[in-house]
Amino acid sequence: EITEDEIPFEIPENWCWVRLGEIGQIVGGGTPRTEDKLSWQNGKIPWLTPADMKNIEGKYVSHGERYITEYGLKHSSTQLMPEGAILFSSRAPIGYIAIANNDITTNQGFKSIVPHIFKMSEFIYYYLMTITPEIEKMGSGTTFKEVSGTVMKKVSIPLPPLNEQQRIVERIEELLPEIQSLKNDEAKLEELQKSFPKKMKDAILKYAIQGKLTQQLPEDGDARDLLKEIRKEKAQLIKEGKIKKEKPLPEITEDEIPFEIPENW
């Protein structure tokens, strides 16, 4: 029986707490002998490892990299699971989850659930996503943690009526794309925040050198007068031998002017 200590939150009155082993069969996997060609050559039965689960997009999986034969199925501990089975990696790492899109087998790195009523597959799938950290704590082992079939059978799960399960799944799948969109927006905002100081600095400098950052005051005079003074000072430095006289520079053409400047510049 599920004790009060095992119940993590309250559920509606028409729901009940059950264990995974009550609503489905917990299925392990196995690996045919690698040197046995009869188990692998021209195999057509999909066979998954936890490593295959890394590349899955979405909630369904059809196959991994390798396939086994009927001979390999019969001469190993792997088991053929039907479409709708919920595949759960139980080691290295714990917690990859997907729903079988067709008949499928796995290696021993799984403790999958074949529900007694397949319309429950998606609800179980989403519940396992939420409870994975807790299941991971139940794992044991020294080299790496592993969750046993016995542990998976005892995992508690809230059970709503079937129609409500389906409404919950529909609502989750309405909201998840919005959450993903928010996540994408957050990533863009973080990138913007990283680049903002540099862009702001560049913009300030750009406005400053174009005469747009400060107010133009008549009493400042005209830069052409400043240029005359510069030329006068330069001539004096040449006369005193402090700098060498150079060939005159060419006039600046309109093509060389990158932006407009104030009239007194």
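No experiment lies behind these values; they were computed from the predicted model shown.

S.K.: Provide a residue-level description of the nonpolar core, including the pertinent values.
M.R.: Judged by nonpolar contacts, the single largest core of 27 residues is most densely connected at L20, I23, I124, L128, I135, M152 and I157. Residue assignment for this core shows that the elements contributing at least two residues are strand 1 (16-19), helix 1 (20-23), strand 6 (86-90), strand 7 (94-100), helix 5 (121-137) and strand 10 (156-159). The element best represented in this core is helix 5, accounting for eight residues. Ignoring sequence-local partners within four residues, the contact set of L20 consists of I26, I113, I124, L128, M152, K153, V155 and I157. Of all hydrophobic cores here, the second largest spans twelve residues; its members include M53, L87, A100 and V114.

S.K.: Tell me about the environment of K145, and name the residues and values.
M.R.: Here K145 lies in the loop between helix 5 and helix 6 (149-154). C-alpha of K145 to C-alpha of I94: the two residues are 51 residues apart in sequence and 7.7 Å apart in space. Setting aside its immediate chain neighbours within four residues, K145 contacts S90, R91, A92, I94, E136, K137, G139 and S140. A polar contact is formed between the side chain of K145 and the backbone oxygen of E136, at a distance of 3.5 Å.

S.K.: Go over the side chain of S90, please, and point to the residues and values.
M.R.: Along the chain, S90 turns up in strand 6. With a relative accessible area of 0%, S90 lands in the buried category. Side-chain polar atoms of S90 contact the backbone nitrogen of F110, separated by 3.4 Å. In this structure, S90 is in contact with Q108, G109, F110, K111, K145, E146 and V147, ignoring residues within four places of it in sequence.

S.K.: A description of the packing of aromatic side chains should follow, citing residues and the corresponding values.
M.R.: For the structure shown, the criterion picks out three aromatic pairs. Consider the rings of W40 and W47, whose centres lie 5.0 Å apart with planes at 85 degrees: the pair is edge-to-face. Since its relative accessible area comes to 11%, W40 is described here as buried. Geometry around W40 places R66 over its ring, the cationic atom sitting 3.9 Å from the centre.

S.K.: Residue-level account of the confidence of the model for the chain, with values.
M.R.: Put simply, the chain has an average pLDDT of 91, and 100% of its residues get 70 or more. Across the chain, strand 8 (residues 105-106) holds the top mean pLDDT of 98, while helix 7 (residues 162-209) sits lowest at 82.

S.K.: An account of the packing of helix 5 against helix 7 is requested, with residue identities and associated values reported.
M.R.: Contact pair helix 5 / helix 7: the axes reach a minimum separation of 9 Å and the direction vectors enclose 55 degrees. Our classification of the angle between helix 5 and helix 7 gives oblique. Here the hand of the crossing between helix 5 and helix 7 comes out left-handed. Facing E122, F123 and Y126 of helix 5, the residues of helix 7 in contact are Q165, I168, V169, I172, E173 and L176. Of the residues in the contact of helix 5 with helix 7, the class split is six nonpolar, one polar and two charged.

S.K.: Summarise the sheet that holds strand 8; cite the residues concerned and give the values.
M.R.: Across the sheet, three strands lie side by side as 5-3-8; this open sheet has mixed pairing. The sheet is open, and its two edges are formed by strand 5 (66-68) and strand 8, each paired on a single side. Direction of pairing for strand 3 (residues 45-48) relative to strand 5: antiparallel, over a ladder of three bridges. Note that in strand 5 the partner of I45 across the bridge is I68.

S.K.: Outline the pairing of strand 3, supporting the account with residue identities and numerical values.
M.R.: Going residue by residue along strand 3, you find I45 and W47 tucked away on one face and P46 and L48 tucked away on the opposite face as well. Looking at chain direction, strand 3 and strand 8 are connected through two bridges and run parallel. Bridge pairing links L48 to T106 in strand 8.

S.K.: Requested: an account of the side chain of T106, with residues and values cited.
M.R.: With respect to the element layout, T106 can be found in strand 8. You can call T106 buried: its relative accessible area is 0%.

Rules behind the numbers
- The residue numbering used here restarts from 1 in each chain and proceeds along that chain's sequence as written.
- The predicted nature of this model means local features are confined to residues of pLDDT at least 70 and side-chain atom pairs, given and counted, to a pLDDT of 80 or more, with totals for whole chains, interfaces and linings taken over all residues.
- Each side-chain value is derived from all of the structure's non-hydrogen atoms; neither hydrogens nor water enter the calculation.
- Only buried residues count toward a nonpolar core. Its members are Ala, Val, Leu, Ile, Met, Phe, Trp, Tyr and Cys residues joined through side-chain atoms within 4.5 Å.
- Only protein chains enter the area calculation, which uses a 1.4 Å probe; residues under 20% of their type maximum are buried, those over 50% are exposed, and those in between are partly exposed.
- Each helix is a run of H or I in the DSSP string that is no shorter than four residues. Each strand is a run of E no shorter than two, and both are numbered from the N terminus.
- Only heavy atoms matter for contacts: two residues are in contact if any of them lie within 4.5 Å across the pair.
- Here a polar contact is recorded for every N or O atom pair within 3.5 Å, except that within protein the pair must consist of a potential hydrogen donor and a potential acceptor, and residues adjacent in sequence are included only if both atoms are side-chain atoms.
- Aromatic pairing here means that ring centres of Phe, Tyr or Trp (its six-membered ring) are within 6.5 Å. Orientation follows from the plane angle: under 30 degrees is stacked, over 60 is edge-to-face, and everything else is tilted.
- Whether a charge lies above a ring is judged from NZ of Lys or CZ of Arg, which has to be within 6 Å of the ring centre and within 35 degrees of the ring normal.
- Per-residue confidence from the predictor is reported as pLDDT, a score between 0 and 100.
- Every axis in this analysis is a line fitted to C-alpha atoms, fitted for helices over the stretch in contact. Angles between the N-to-C directions lie between 0 and 180 degrees.
- For this classification, under 35 degrees means roughly parallel, over 145 means roughly antiparallel, 65 to 115 means roughly perpendicular, and everything else is oblique.
- For any pair of crossing helices, the crossing counts as left-handed if the nearer helix is rotated counterclockwise from the farther one by less than a right angle, and right-handed if it is rotated clockwise.
- Residues were grouped as follows: Ala, Val, Leu, Ile, Met, Phe, Trp, Tyr, Cys and Pro as nonpolar; Asp, Glu, Lys and Arg as charged; and all remaining residues, including Gly, as polar.
- We call two strands paired when DSSP finds no fewer than two bridges between them.

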